[in-house]
Amino acid sequence: MAKMTALALPLGWRHQTDPDCLPTGIEGIDFPRGRISEIAGPSSSGRTSLLDSLLASATSRGEHCVLIDTRDSFDPPSAAAYGVRLEKLIWIRCRGNAEHALRAADLVLHSGGFGVVALDLADVPAAGLNRIPPTAWFRFRRVVEPTPTIFVVLANRPVTKSCSTLLIETRRRSVKFLRGVDYEIASRKPAGKEPVKFHVRLHQLAVG
Amino acid sequence: MFACINWPLAENLRELADAFSPWVEQVAPDTVLFSLDGLHRIYGDARSTAKALAVRAPGANIAIAALPDTAVLAARNLPGVVIIPQGEEMRYLGPLPLDCLPLDAAIWKTLDRWGLRTFEDLACLPEDGLHDRLGDAGVRLQRMARGALGRPLKPFVEETIYEQRIELDDALELLDPILFLLTQFLNELCASLKSQSLAAGELHVTLNRARRILRLPFPTRDVKFLLKLLQHNLESELPGEPVSILILRAVPTATRLLQHDLFTIPAPEPERLESTLQKIRAMVGPKNVKIPEIRNTYRPGWGPAESPLAFRHFRPPLDARVELAEGRLRASGIQGTITEISGPWRTAGDWWRADAWDQEEFDLVLSDGALYRLHFNRQSKKWQLEGVYD
């Protein structure tokens, strides 16, 4: 029966299979391979912590990763403290030029072989984000689909629209000096999951 | 059999050795070692060969032995012409003092403490016990002292220069014809490298008088890949003047050997990765594509972090205006009332350098709820927002 259904599909259509996932170390948050994932949230909402934990998880497995840093805001010491193996990471600084960042992402995705490709568009002015044509995300989705690469986009607000498989919205809950920061992660896509709360404190990441 | 000539007065010892054998190792400026294989057809036995050598090198120390290092030790430490028959090495080498061996200071001290003075003393020690105490180096020295250390000859090979050049009557102003010539050069160079089982480790391109060096991430002789790299390099940094002299030189190195593993996590193909990174470097600048590193300093943002709180830098830091009385902060695009503050933490360093730092750091929560790092620069007396915890 399944064979007949497959035959009945129009040309070019394929069955969607469940992708492999890479855990981030935060319970309930796994990033799918071969898909676009998006992390959106305002400043101090834990979005960079989440990205660092993903990079730490991938680099500790020996995977090579790329960070395309549009606003040149990456901080290697805090990433290393999070567990990112910096020798496995290529850092591309675009000095605020979102167009360069998109072209670099395109080149890196076409090159292939990376575990995680992160495009950091956080704090890019809204005018710059609005100039990104929606077709760019469809193009990225097509490129990344047959590969085991996780393509993560980090931004202040959701930008990839229907092209992302996973959309995570982050919120800050409270700041306690000398103790840490509480964050809350709500997955908007796929919907229906309970929000995950996590707390970053001086020397460890705790889920609670 | 091997012959060694030790002749401090000789001007061109290798030329002398070349007259006897094509396989010559230059052990030191005054010492050459070469193989005697096949020479018996010309000179007969070892004695006749030694005589022929003595005629060409009067006054030199000449030694003939079955193994290379035995011949070298005998030529350096025994005067005149010495022929050591196989199996009788200890008779000749045994009385030599231990300082004739290439000993490092630690082993020399140990052997001296054991009361060993000559090759014979060292040769008599049990090999297993020596290995337990001095390791492989000790056993190697003992075999050398016994005249039983074999090794292949390292023949001297004239260095080949892999270079192609052209001087043009009419200078080239466009990239295309330059790339056309570079393609021809690369074809020639890569064919030469292939004939010697070598690959290019570096490319030196000279355009008129300006030389650029392309350090390749891995040894290769793939013409297409090398041409692509040259093209990206030339496009990212144009020559700036018409080119009339074009020189391409490849620095040879051993080829890359790879053994793939079924269980290895896939990594980017080096050729494609380098080509991609070259394109990105041409777009964003060569300094903006790198592997991040942590430096051995306490300078903020450079050295190791104490806390895993993820941080985002404002590069350059934003000039801020802080109204201390009202607890308000204002910077480019950020403003609000300070609701919580922690600090100051004073940090200073590198006072002997022009880029010394001396600042007081604060962590503060603004009324928008975000956690920022603010510092007061004690040199310029300025408040600056360094970044945001995220």
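Remember, it's a predicted structure, so these values are computed and weren't measured experimentally.

### Some remarks on the overall build of chain B
Link 1 in the chain: For chain B, the helix and strand inventory stands at eleven helices and 16 strands.
Link 2 in the chain: The buried share of chain B, reckoned over its 390 residues, is 28%.
Link 3 in the chain: Residue pairs in contact within chain B that sit at least 24 positions apart in sequence constitute 55% of those at least 6 positions apart.

### What about the overall build of chain A?
Link 1 in the chain: Counting secondary structure elements, chain A contains six helices and eleven strands.
Link 2 in the chain: Taking all 208 residues of chain A together, 49% fall into the buried category.
Link 3 in the chain: Long-range pairs, those at least 24 residues apart, make up 68% of the contacts in chain A between residues at least 6 apart in sequence.

### Overview of the interface of chain A and chain B
Many authors give the size of an interface as the accessible area that is lost as the parts come together.
Link 1 in the chain: Of the residues lining the interface, 46 residues belong to chain A; the matching set on chain B comes to 41 residues.
Link 2 in the chain: Where the side of chain A that touches chain B is concerned, the elements lending two or more residues are α2 (47-60), α3 (76-82), β5 (89-93), α4 (98-111) and β8 (164-176) of chain A.
Link 3 in the chain: In the sheet, β5(A) pairs with strand β10 (residues 289-290) of chain B via two bridges, with the strands oriented antiparallel. Considered in β10(B), the bridge of A:Ile92 is made with B:Val289.

### Description of the sheet that holds strand β13 (residues 334-349) of chain B
All names here are of chain B.
Link 1 in the chain: Strand order in this closed barrel of six strands is β11-β12-β13-β14-β15-β16, and the pairing throughout is antiparallel. Geometrically, the sheet is characterised by an average inter-axis angle of 45° between neighbouring strands, direction not taken into account.
Link 2 in the chain: Sheet topology note: the strand β15 (residues 371-377)/strand β16 (residues 382-389) ladder contains six bridges and is antiparallel. Pairing of Phe-376 across the sheet is with Trp-383, part of β16.

### What about the environment of B:Leu193?
All names here are of chain B.
Link 1 in the chain: Locating Leu-193 in the fold gives a position in helix α9 (residues 175-195).
Link 2 in the chain: In sequence terms Leu-193 and Tyr-162 are 31 residues apart; their C-alpha atoms lie 7.8 Å from each other.
Link 3 in the chain: Beyond its immediate stretch of four places on either side in the chain, Leu-193 contacts Tyr-162, Leu-198, Ala-199, Ala-200, Arg-221, Ala-250 and Pro-252.

### A look at the nonpolar core
Link 1 in the chain: Ranked by size, the top nonpolar core spans 79 residues in total, and within it A:Leu55, A:Ile92, A:Ala118 and A:Val152 carry the most contacts.
Link 2 in the chain: Residues in contact with A:Ile92, not counting those within four places in the same chain, are A:Val66, A:Leu67, A:Ile68, A:Asp69, A:Ala104, B:Ile280, B:Val284, B:Asn288 and B:Val289.
Link 3 in the chain: Counting residues in hydrophobic clusters, the runner-up holds 39 residues, among them B:Val24, B:Ala75, B:Leu101 and B:Met144.

### A few points about the confidence of the model for chain B
Link 1 in the chain: Model confidence for chain B is summarised by a mean pLDDT of 88, while 100% of its residues fall at 70 or above.
Link 2 in the chain: In the predicted complex, the global pTM is 0.67; the interface-specific ipTM is 0.85.

### Notes on helix α4 (residues 68-77) of chain B
Link 1 in the chain: Of all the ten residues making up α4(B), nine are buried; the element is thus mostly covered by neighbouring parts of the structure.
Link 2 in the chain: Restricting attention to buried positions, one finds in α4(B) the residues B:Pro68, B:Asp69, B:Thr70, B:Ala71, B:Val72, B:Leu73, B:Ala74, B:Ala75 and B:Asn77.

### So, the sheet that holds strand β7 (residues 198-207) of chain B
Residue and element names in this part refer to chain B.
Link 1 in the chain: Judged by pairing direction, the sheet is antiparallel, and its four strands sit side by side in the order β6-β9-β7-β8 without closing on themselves. Looking at which strands have only one partner, the edges of the open sheet turn out to be β6 (162-172) and β8 (210-220). Taken pair by pair, the neighbouring strands of this sheet meet at an average axis angle of 15°, ignoring direction.
Link 2 in the chain: Taken together, the nine bridges between β7 and strand β9 (residues 243-254) define a ladder with antiparallel strand orientation. When the sheet's bridge partners are listed, Glu-202 is paired in β9 with Val-251.
Link 3 in the chain: Here helix α10 (residues 223-236) sits on the sheet in contact with β7 and β8, set at roughly 140° to β8.

### Thoughts on the packing of α4(A) against helix α11 (residues 270-284) of chain B
Link 1 in the chain: At a minimum axis distance of 9 Å, the contact between α4(A) and α11(B) shows a crossing angle of 175°. Viewed along their axes, α4(A) and α11(B) adopt a mutual orientation that is roughly antiparallel. Taking contact as the criterion, the partners of A:His100, A:Arg103, A:Ala104, A:Leu107, A:Val108 and A:Ser111 in α4(A) are, on α11(B), B:Arg272, B:Leu273, B:Thr276, B:Lys279, B:Ile280, B:Met283 and B:Val284.

### Some details on the pairing of β7(B)
Residue and element names in this part refer to chain B.
Link 1 in the chain: Sheet analysis places β7 next to β8, joined by seven bridges and oriented antiparallel. What sits directly across from Leu-203, in β8, is Leu-214.
Link 2 in the chain: Between β7 and β8, which pair antiparallel one after the other, the connecting turn spans two residues, and Asn-208 there sits at a positive phi close to 55°.

About the criteria used
- Residues numbered from 1 in each chain as written.
- Chains lettered and ligands numbered in written order.
- Predicted model: local features only at pLDDT ≥ 70, side-chain atom pairs only at ≥ 80, totals over all residues.
- Helix = DSSP H or I, 4+ residues; strand = E, 2+ residues; numbered from the N terminus.
- Buried ≥ 20, exposed ≤ 12 C-beta atoms within 10 Å, placed from the backbone.
- Contact = placed C-beta atoms within 7 Å.
- Pairing = 2+ DSSP bridges.
- Axes fitted to C-alpha atoms, helices over the stretch in contact; angles between N-to-C directions.
- Core = buried A, V, L, I, M, F, W, Y, C linked by C-beta atoms within 7 Å.
- pLDDT = per-residue confidence, 0-100.
- Parallel < 35°, antiparallel > 145°, perpendicular 65-115°, else oblique.

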